[in-house]
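As a plain string of letters, each chain reads:
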Amino acid sequence: MIGTDIALAARYLEAGEVVAMPTETVYGLAGNAFDTAAVARIFAVKNRPFFDPLIVHTHSIAQLESLVTQLPPLAQHLAQQWMPGALTLLLPKRAVIPDLVTNGSPLVALRLPQHPMAQALLRAVRFPLAAPSANPFGYISPTTAQHVAEQLGNHIPYIIDGGSCAVGIESTIVGFAADGRLVVHRLGGITLDQLRHTVGHEPLLATSTHSNPQTAGQLDRHYSPRKPILVGNNLPQLIEQQQHLRLGVLSFEQRHQHPAIAAQCVLSATASMEQAAAHFFAMLRQLDSCPSVQLIVAQLLPPVGLGLAINDRLKRAAAPAV
Ligand code: TXA
Ligand code: MG
């Protein structure tokens, strides 16, 4: 069922069920983070391997603090600046967080969503919520309640409808190196420029290794449509090369003309990165579900600001399945 009844969703959660909740980044599939059975249910519904740990959502910095053994000054500073928002912090967990949530890691990923319905839900229950994106493992992330309903509707009792996600791509995940430097594990809604400005030094980028389960958001193939997808910088050239197929084109700001184009989505006619991020997953999904499209061709964005995070997702979407 889809609706806006937070109290009902909270009752399902109290009963150990999982429900979908809107956040400003993407929709999450939420369950009681303290309850191993509810957490196991999240993995089952998503068909997600246990080695891929879950982000824990809280309603306040005070609640976040109750789940960790330390909050270093740099983490406090980041929390004050960007929470609530599209930032996730990796911090040493307390024993109340089950090992299943973190895949046995001593670090837990913590986030405070800004979406008012997520905040209301978090305040309506007596526990924090573990929540991955509410899509089947490896597929395009959901940015509307309908996206969730299409794929998980039969497996969960309730989907909270909070409209389209304003940010549209997942949170930026950061941790802290032994020397105190900030380490970015996944690019997302908070940009490198914003982080650099907040912490006053150049963040390190965690290297993307082969499907390394320890490295957040770094699975090689992820966010992928069912249809084949090619990504590149030169869209006219890609279209020309693939003109023997019926193409679904995902471009940044410009429309393209070619007889091979069967469907086309423009991320932002005004070349706004924010708008491109907000449209990104929904447009990719639209091209994937368009019956006449045989191949999706997508343009990489200028590698600045949110463009870096969108390009990261495009490249993973197009990575070969192993
Ligand atoms: O914006 C978001 O972060 C959304 C919304 C729903 O909050 N959530 C999200 O969750 O993107 P998910 O599960 O799709 O991606 C979370 C990433 C995973 O790649 C996982 O590997 C990493 O976070 N992660 C979670 N806990 C971790 C931990 N303890 N250590 C390292 N990586 C972790
Ligand atoms: Mg995900």
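What counts, and at which threshold
Residues numbered from 1 in each chain as written. Chains lettered and ligands numbered in written order. Predicted model: local features only at pLDDT ≥ 70, side-chain atom pairs only at ≥ 80, totals over all residues. Heavy atoms only, no water. Helix = DSSP H or I, 4+ residues; strand = E, 2+ residues; numbered from the N terminus. Rg over C-alpha atoms; globule rule 2.2 N^0.38 Å. Buried < 20%, exposed > 50% of the residue type's maximum accessible area, 1.4 Å probe, protein only. Contact = heavy atoms within 4.5 Å. Areas by Shrake-Rupley, 256 points an atom, 1.4 Å probe, with all protein chains shown as cover. Lys, Arg positive; Asp, Glu negative; His and termini not counted. Charge placed at Lys NZ, Arg CZ, Asp CG, Glu CD. Core = buried A, V, L, I, M, F, W, Y, C linked by side-chain atoms within 4.5 Å. Pairing = 2+ DSSP bridges. Phe/Tyr/Trp six-rings, centres within 6.5 Å; stacked < 30°, edge-to-face > 60°. Lys NZ or Arg CZ within 6 Å of the ring centre and 35° of its normal. Salt bridge = Lys/Arg side-chain N within 4 Å of Asp/Glu carboxyl O. Arc of directions from axis to C-beta.

Draft legend 1. View of the overall build of the protein. Along its length, the protein carries 11 helices and 15 strands. In summary, the protein has a C-alpha radius of gyration of 19 Å against a globular reference of 20 Å for 322 residues, a match within 12%. Here the protein holds 322 residues, and the buried ones make up 57% of them. Put simply, of all contacts in the protein between residues at least 6 apart along the chain, 65% involve residues at least 24 apart. In the structure as shown, the protein presents an accessible area of about 13,100 Å², 54% of it carried by carbon and sulfur atoms. Separation of charge centres in the protein, based on 21 positive and 20 negative side chains, amounts to 3 Å.

Draft legend 2. A look at the nonpolar core. Of all hydrophobic cores here, the largest spans 45 residues; its most connected members are L78, L89 and I156. Counting only elements with at least two residues in this core, the list comes to α2 (36-46), α4 (73-82), β5 (87-92), β6 (107-111), α7 (145-152), β10 (182-186) and α8 (192-199). Discounting residues that sit within four places of it in the chain, L78 has contacts with M83, L87, L89, V174, F176, L182, L195, T198 and V199. Judged by nonpolar contacts, the second largest core, of 29 residues, contains I229, L250, A263 and L287.

Draft legend 3. View of the pairing of strand β9 (residues 172-176). Burial within β9 is extensive, with 4 of its 5 residues counted as buried. As defined by bridge partners, β5 adjoins β9 across 3 bridges and the pair is classed as parallel. Residue pairing for β9: L89 is matched across the bridge by V174. Note: β9 against β10, 4 bridges, orientation antiparallel. Across the sheet, the residue bridging to F176 is L182, located in β10. Counting the residues that bridge the hairpin from β9 to β10 gives 5 residues, and of these G180 lies at a positive phi of roughly 90 degrees.

Draft legend 4. A look at the packing of aromatic side chains. For the coordinates displayed, the defined rule picks out 4 aromatic pairs. Taken together, the aromatic side chains of Y223, F280 and F281 make up a single cluster linked through ring pairs. The ring of Y139 carries the charged tip of R226 above its face, separated from the ring centre by 4.1 Å.

Draft legend 5. Fine view of the pattern of salt bridges. Per the counting criterion, the structure on display carries 10 salt bridges. The partner of D99 in a salt bridge is K93, with the nearest N and O atoms 3.4 Å apart. By relative accessible area, which is 49% here, D99 ends up partly exposed. Given a relative accessible area of 15%, K93 falls into the buried group. Residues joined in a network through salt bridges with shared partners are E170, D312, R313 and R316.

Draft legend 6. Spotlight on α4. All buried positions along α4 are accounted for by L74, A75, L78, A79 and W82. One side of α4 holds all its buried residues, which, seen down the axis, span an arc of 135 degrees. Facing away from the buried side of α4 by over 90 degrees, the exposed positions are P73 and Q80. On its buried face, α4 is in contact with α3 (61-65), β5, β9, β10 and α8.

Geometry only, nothing functional implied.
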